[in-house]
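Residue-level listing of the chains:
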Amino acid sequence: MQSSLMTFIDWFKAQFDLWVVIGFFGQSMFMMRFVCQWLASEKAKKSVMPEVFWYFSLGGGLIVFAYALHKQDIVFILGQGLGVFIYLRNIYFIWTHRKPKNNA
């Protein structure tokens, strides 16, 4: 058991670099969008898609897209590229359909 643990640790150290940190950061942003959506739904007692979901989606998507470009992974490049477009489009809809604030 000790030998296989050391092999895993050695493998992990060899794989670990700045891009791995960037990739994990992007994935953590994706996780946070689901946590925010879950908490908003729990609070409302119905399914809710909070605005922050789209900001975490965009941030995570851009970071993972950069990671995919660095790794030259066509599957992630195409998947995240389309996702980034969808996230930007939803944010555009949010911004253009905001009600003006009454300063009364």
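Calculation rules
- Residues numbered from 1 in each chain as written.
- Predicted model: local features only at pLDDT ≥ 70, side-chain atom pairs only at ≥ 80, totals over all residues.
- Heavy atoms only, no water.
- Helix = DSSP H or I, 4+ residues; strand = E, 2+ residues; numbered from the N terminus.
- Rg over C-alpha atoms; globule rule 2.2 N^0.38 Å.
- Buried < 20%, exposed > 50% of the residue type's maximum accessible area, 1.4 Å probe, protein only.
- Salt bridge = Lys/Arg side-chain N within 4 Å of Asp/Glu carboxyl O.
- Lys, Arg positive; Asp, Glu negative; His and termini not counted.
- Polar contact = N/O pair within 3.5 Å; in protein donor to acceptor, adjacent residues only side chain to side chain.
- Axes fitted to C-alpha atoms, helices over the stretch in contact; angles between N-to-C directions.
- Parallel < 35°, antiparallel > 145°, perpendicular 65-115°, else oblique.
- Left-handed = near helix turned anticlockwise from the far one by under 90°.
- Nonpolar A, V, L, I, M, F, W, Y, C, P; charged D, E, K, R; others polar.

On to the overall build of the protein chain, then. Per the secondary structure count, the protein chain includes four helices and zero strands. Ordered by position in the sequence, the α and β elements of the protein chain form the string α-α-α-α. Its C-alpha radius of gyration of 19 Å places the protein chain more than 25% over the 13 Å reference for a compact globule of 104 residues. The C-alpha extent of the protein chain, read off along each of the three principal axes, is 70 × 30 × 25 Å. Within the protein chain, the proportion of its 104 residues that are buried is 26%.

Once their charged atoms are close, side chains differing in charge can pair, the charge on each being opposite to the other. Evaluated as defined, the whole model comprises one salt bridge. Note that glutamate 51 and arginine 98 form a salt bridge whose closest N and O atoms lie 2.5 Å from each other. Separated by 47 residues along the polypeptide, glutamate 51 in helix α3 (residues 51-71) and arginine 98 in the segment after α4 (74-96) bring together distant segments of the chain. With a relative accessible area of 46%, arginine 98 lands in the partly exposed category.

Time to look at the side chain of arginine 33. Tracing the backbone through its elements, the reader meets arginine 33 in helix α2 (residues 18-44). No salt bridge is formed by the buried arginine 33. Its closest oppositely charged neighbour is glutamate 51, at 15 Å. Side chain to side chain, arginine 33 and serine 57 meet in a polar contact 2.8 Å long.

What follows deals with the packing of α2 against α3. Interaxial distance between α2 and α3 falls to 8 Å at its minimum, and their mutual angle equals 160°. By the angle between their axes, α2 is roughly antiparallel relative to α3. The two elements α2 and α3 meet at a crossing, and its hand is left-handed. Here the contact of α2 with α3 is built from residues that sort into 16 nonpolar, nine polar and one charged.

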